[in-house]
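Topology and contacts: notes
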Amino acid sequence: KKALLEVKNLKQYFPIKGGVFGRTVNHVKAVDDVSFTVYEGETVSIVGESGCGKSTTGRAILRLDNPYAGEVNFEGENLVNLSKSKMRKKRKDLQIIFQDPYASLNPRQTVSQILEEALAIQNVVPAGERRQKIVDLLETVGIGAHQIDRHPHEFSGGQRQRVGIARALSVNPKLVICDEAVSALDVSIQAQVLNLLKDLQRKFSLTYLFISHDLGVVRHISDRIIVMYLGKIVEIGDKKSLFENPQHPYTRALLSAIPSTNLDEKKERIILKGDVPSPINPPAGCRFHTRCPFAMDRCATEEPALHNVPGKEHQAACHLIEEGPVDFSTLTSNY
Ligand code: SF4
Ligand code: MG
């Protein structure tokens, strides 16, 4: 398998200014030393609660905000070093779909104007062929040719997201970052849009980085899953391994919150105590130690590395794994 995207030691710190001179007095450490690889044709999801740094990671990859430190290698080229104009051209290869297509679609433009503009900016097809390309694109996402001159408000939420998808695909991207792309939609519409994204992935050989707060949503679409907590990756693994055998106490709590579809399965919801601490002065040691039901003394001072789970394509940042794969049923919670 070929790496399409390699994020290395990515940091996104936002300065906090203070004092009479407006100097930087501290930083919000929104993303703090994150590394991962996305291979061609796969779907990798980043999940975590709001404020964990998942959207910030997506924005840094596209340089919607320039990273504070680290590398974003796309097809072997570090995007962080590109000039603004070179990066603009790169946008052809890397597209993003947001949660609220309404906010990113100009309400005064018709759908065909919106797509025309996207095509013109990247000069994907000659002007004379654009109308046909637009009709084809909309058809691909399930919007009929008779709707092409409508405005965004004349569509339902699900249809608007389809327009957003058509716009992202109009420039023939390789990587599409979906940031909470279905989170605002009703559950039944969510499933339709997720299925559409899967179909489009096959049809156009797309690679997805799928950002969501909802492990239930990413379950169907992901090949691999990254779990983030307070700016760090706490667990990363193939979907099956991560769902069946979560190795990090935080992932386990997140999984316990997904409603079970199997009525026989008794599932105990793990409620974590306390709130997510501030990313300005995150806890020392393991960032999760203030809320972890299994925290040990050393967790308050020693930061856990990402350890391999033996025999699996799966890693977790927890001291417990040093003794081998974690079997939570043998551990006592200190809550
Ligand atoms: Fe919990 Fe310690 Fe593991 Fe962190 S390192 S998740 S605090 S047991
Ligand atoms: Mg977000």
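Residues numbered from 1 in each chain as written. Chains lettered and ligands numbered in written order. Predicted model: local features only at pLDDT ≥ 70, side-chain atom pairs only at ≥ 80, totals over all residues.

An unreviewed UniProt entry lists the protein under the name Dipeptide ABC transporter ATP-binding protein, from Litchfieldia luteola. The heading Sequence similarities (unreviewed entry) in the UniProt record of the protein holds the text "Belongs to the ABC transporter superfamily." (UniProt positions renumbered as here; feature names shortened; annotations may be inferred.)

Next up on the list: the overall build of the protein. Counting secondary structure elements, the protein contains 10 helices and 12 strands. Here the protein has a C-alpha radius of gyration of 21 Å; the compact-globule value for 335 residues is 20 Å, and the two agree. When its C-alpha atoms are laid out on the principal axes, the protein stretches across 70 × 60 × 40 Å. For the protein, buried positions account for 38% of its 335 residues. For the protein, contacts bridging at least 24 residues in sequence account for 64% of all contacts bridging at least 6. (Helix = DSSP H or I, 4+ residues; strand = E, 2+ residues; numbered from the N terminus. Rg over C-alpha atoms; globule rule 2.2 N^0.38 Å. Buried ≥ 20, exposed ≤ 12 C-beta atoms within 10 Å, placed from the backbone. Contact = placed C-beta atoms within 7 Å.)

In contact at an axis separation of 10 Å, helix H4 (residues 111-122) and helix H5 (residues 130-140) are set at 115° when each is read in the N-to-C sense. Considered as vectors, H4 and H5 are oriented roughly perpendicular to each other. When you trace H4 past H5, the crossing you get is right-handed. Between H4 and H5, the residues in contact are Val-111, Ser-112, Leu-115, Glu-116 and Leu-119 and Arg-130, Lys-133, Ile-134, Leu-137 and Leu-138, respectively. Its residues assigned to classes, the contact of H4 with H5 shows 6 nonpolar, 1 polar and 3 charged. (Axes fitted to C-alpha atoms, helices over the stretch in contact; angles between N-to-C directions. Parallel < 35°, antiparallel > 145°, perpendicular 65-115°, else oblique. Left-handed = near helix turned anticlockwise from the far one by under 90°. Nonpolar A, V, L, I, M, F, W, Y, C, P; charged D, E, K, R; others polar.)

Moving on, we come to the nonpolar core. Counting 78 residues, the largest nonpolar core has Ile-177, Leu-209, Val-227 and Val-234 as the members making the most contacts within it. With sequence-adjacent residues up to four places away left out, Leu-209 is seen in contact with Val-38, Val-44, Ile-46, Gly-58, Leu-175 and Ile-177. (Core = buried A, V, L, I, M, F, W, Y, C linked by C-beta atoms within 7 Å.)

Bringing the site of ligand 1 into the picture now. Inspection of the region around ligand 1 gives 14 residues, with Cys-286, His-289, Cys-292, Cys-299 and Cys-318 positioned closest. Looking at the shell around ligand 1 residue by residue, the classes come out as 11 nonpolar, 3 polar and no charged. (Near = placed C-beta within 6 Å.)

So, about the sheet that holds strand S6 (residues 94-97). Taking strand neighbours across the sheet as the criterion, the 8 strands line up as S6-S7-S8-S3-S9-S10-S12-S11 in an open arrangement whose pairing is mixed. Looking at strand neighbours, the two that pair on one side only are S6 and strand S11 (306-308), the edges of this open sheet. On average, each strand axis in the sheet is inclined to that of its neighbour by 20°, with strand direction left out of account. Bridge analysis of strand S9 (residues 224-229) against strand S10 (residues 232-238) gives 6 bridges, and the strand direction is antiparallel. Among the inter-strand pairings, Arg-224 is bridged to a residue of S10, identified as Asp-238. (Pairing = 2+ DSSP bridges.)

For H5, every residue scored as buried is listed here: Ile-134, Leu-137 and Leu-138. Projected down its long axis, H5 carries its buried residues within an arc of 95°, all on one side. Two residues or fewer past H5, Gly-142 is found with a positive phi of approximately 90°. (Arc of directions from axis to C-beta.)

This part takes up the UniProt feature "domain: ABC transporter" (unreviewed entry) in the protein. Per the UniProt record, "domain: ABC transporter" (unreviewed entry) is annotated on residues 5-255. The distance separating the terminal C-alpha atoms of residues 5-255 is 27 Å; by composition the span is 37% helix and 29% strand.

This part takes up the domain arrangement of the protein. Each assigned domain of the protein is listed here: domain 1 (1-93 + 173-222) and domain 2 (108-172). Here domain 1 and domain 2 have C-alpha centroids that lie 24 Å from each other. Contacts between the two partners involve 12 residues from domain 1, matched on the other side by 11 residues from domain 2. In terms of residue count, helix H7 (residues 187-204) provides more of the side of domain 1 that touches domain 2 than any other element does, 6 residues in total. (Domains from an automatic or database assignment.)

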